[in-house]
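Chain by chain, the residues run as shown.
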Amino acid sequence: LLVYVLLAGRFATLLPLWGGVHDEPIYFGYCRFLAVTGRLPRLGEGLGVQPWECYTLPTAGEAAHHPPGYFFLGSLVCRVLGGASLTVQNYALRGLSLALGLAALAFLHRLVRELLPEHPWMALAAVGSVAVLPQWLLVCSVIYVESFGAFATTGALWLLARYARTPARPWSLWFAGLFVGAMALT
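Note that the structure is a prediction, hence the values are computed from the model and not measured.

### Comments concerning the side chain of Ser 97
Among the structural elements, Ser 97 can be located in helix α4 (residues 86-115). Within the structure, the side chain of Ser 97 is placed 2.7 Å from the side chain of Tyr 70, a separation counted as a polar contact.

### Quick word on the packing of helix α1 (residues 2-14) against α4
Viewed as axis vectors pointing N to C, α1 and α4 meet at an angle of 155 degrees, and their least axial separation amounts to 10 Å. Of the possible angle classes, the one that applies to α1 and α4 is roughly antiparallel. As for how α1 packs across α4, the hand of that crossing is right-handed. Contact with α1, carried on its side by Tyr 4, Val 5, Ala 8, Gly 9, Ala 12 and Thr 13, involves Tyr 91, Arg 94, Ser 97, Leu 98, Gly 101, Leu 102 and Leu 105 of α4 and no other residues of that element.

### Remarks on the pattern of salt bridges
Enumeration over the complete set of coordinates arrives at 3 salt bridges. A salt bridge links Arg 162 to Glu 114; the nearest nitrogen and oxygen atoms lie 3.5 Å apart. A residue pair is termed long-range when its members are at least 10 positions apart, and Arg 162 in helix α7 (residues 146-165) and Glu 114 in helix α4 qualify at 48 residues. Assessed through its relative accessible area of 16%, Arg 162 is described here as buried. The class of Glu 114 is buried, set by a relative accessible area of 8%. One salt bridge in this structure joins Glu 114 and Arg 165, with 3.2 Å as the shortest N-O distance. Taken together, the positions of Glu 114 in helix α4 and Arg 165 in helix α7 put the pair 51 residues apart, joining distant regions of the chain. In this structure, a network of salt bridges that share partners links the residues Glu 114, Arg 162 and Arg 165.

### Points about the nonpolar core
Nonpolar side chains in soluble globular proteins tend to be buried together. Ranked by internal contacts, the top residues of the largest apolar core, which has 50 residues, are Tyr 4, Tyr 27, Tyr 70, Phe 71, Leu 93 and Trp 136. Secondary structure elements with two or more residues in this core: α1, α2 (24-37), α3 (69-80), α4, α5 (120-131), α6 (134-139), α7 and α8 (171-184). A per-element tally of this core places α4 first, with 10 residues. In contact with Tyr 4, other than residues within four places in its own chain, are Gly 9, Ser 97, Leu 98, Gly 101, Leu 102, Leu 105, Ala 131, Trp 136, Leu 137 and Cys 140.

### Topic: the packing of aromatic side chains
Overall, the coordinates contain 12 aromatic pairs when judged by the stated rule. Judged by centre distance (5.5 Å) and plane angle (35 degrees), the rings of Phe 107 and Phe 151 are tilted. One end of the pair, Phe 107, is in helix α4; the other, Phe 151, is in helix α7, and 44 residues separate them in sequence. An identical accessibility class is assigned to Phe 107 and Phe 151; each is buried. Both rings, one in Phe 148 and one in Phe 151, keep their centres 6.2 Å apart while their planes meet at 40 degrees; by these two values the pair is tilted. In this pair, Phe 148 and Phe 151 are both assigned in helix α7, 3 residues apart and thus about one turn of the helix distant. A relative accessible area of 6% places Phe 148 in the buried class. Pairwise contacts between aromatic rings join Tyr 27, Tyr 30, Tyr 70, Phe 71 and Tyr 144 into one cluster.

How each quantity is defined
- Along each chain, residue indices are assigned from 1 in the same order as the chain's sequence is written.
- With pLDDT at 70 or above as the cut-off, local features in this predicted model cover only qualifying residues; side-chain atom pairs require 80 or more to be listed or tallied, and sums for whole chains, interfaces and linings still use all residues.
- Excluded from the side-chain calculation are hydrogens and water; included are all heavy atoms of the structure.
- Numbered from the N terminus, helices here are DSSP runs of H or I no shorter than four residues, and strands are runs of E no shorter than two.
- Nitrogen and oxygen atoms within 3.5 Å of one another constitute a polar contact, given that in protein one can donate a hydrogen and the other can accept it, and given that sequence-neighbouring residues count only through two side-chain atoms.
- For every element, the axis is a line fit to its C-alpha atoms; helices are fit only across the contacting stretch, and the angle between N-to-C directions ranges from 0 to 180 degrees.
- The labels follow the angle: roughly parallel below 35 degrees, roughly antiparallel above 145, roughly perpendicular from 65 to 115, and oblique for the rest.
- Here a crossing is taken to be left-handed if its near helix is turned anticlockwise relative to the far helix by less than a right angle, and right-handed if that turn runs clockwise.
- Note on contacts: a residue pair is in contact if any heavy atoms of the two residues lie within 4.5 Å.
- Should a side-chain nitrogen of Lys or Arg be within 4 Å of a carboxyl oxygen of Asp or Glu, the pair is scored as a salt bridge.
- Categorising residues by exposure relies on relative accessible area from a 1.4 Å probe, with only protein chains included: less than 20% of the type maximum marks a residue as buried, more than 50% marks it as exposed, and the intermediate range marks it as partly exposed.
- The set of buried Ala, Val, Leu, Ile, Met, Phe, Trp, Tyr and Cys residues whose side-chain atoms join them within 4.5 Å is what this entry labels a nonpolar core.
- Here the aromatic set is Phe, Tyr and Trp, taking the six-membered ring for Trp, and pairing holds for ring centres within 6.5 Å; pairs whose planes are under 30 degrees apart are stacked, those over 60 apart are edge-to-face, and all others are tilted.

Below you can see the structure in the form of structure tokens.
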């Protein structure tokens, strides 16, 4: 997990700040739009806006069709840092992606431990393998909705596996339902 944090953190600082990946500007704008307006963007609203304008205008640009799960969390970050520079807000949102990826890796570890309790080394191998994949590091080091999807999915799978092993504890199933609901928002 430390290697993941170091590599993803390095990616977050090496990639160009204003659009490390194609969709990053509009995802940043979507988070700011929710923070500033307090409402979801309407479909078609913001079409024709140049990606770089999403940093200075509260607009979701072409991303209005995306479900709002990641953007709700991102809007909280933007609200807390509303008086900070756009650079600070951008890095903070990249940090959100990194944190969601870290939580997804922790859930993956718990999932494999639930599925293969007699082979604890398999959980370490699974997490170690995923943690250093370049695509995973990229998704978790920029403003990207897939980090929220990975978080919600691994959380749901872990809790469903936990419930399957110990159905006498229904709280696992209830919390798995919350994660499945979060999956629907990604």
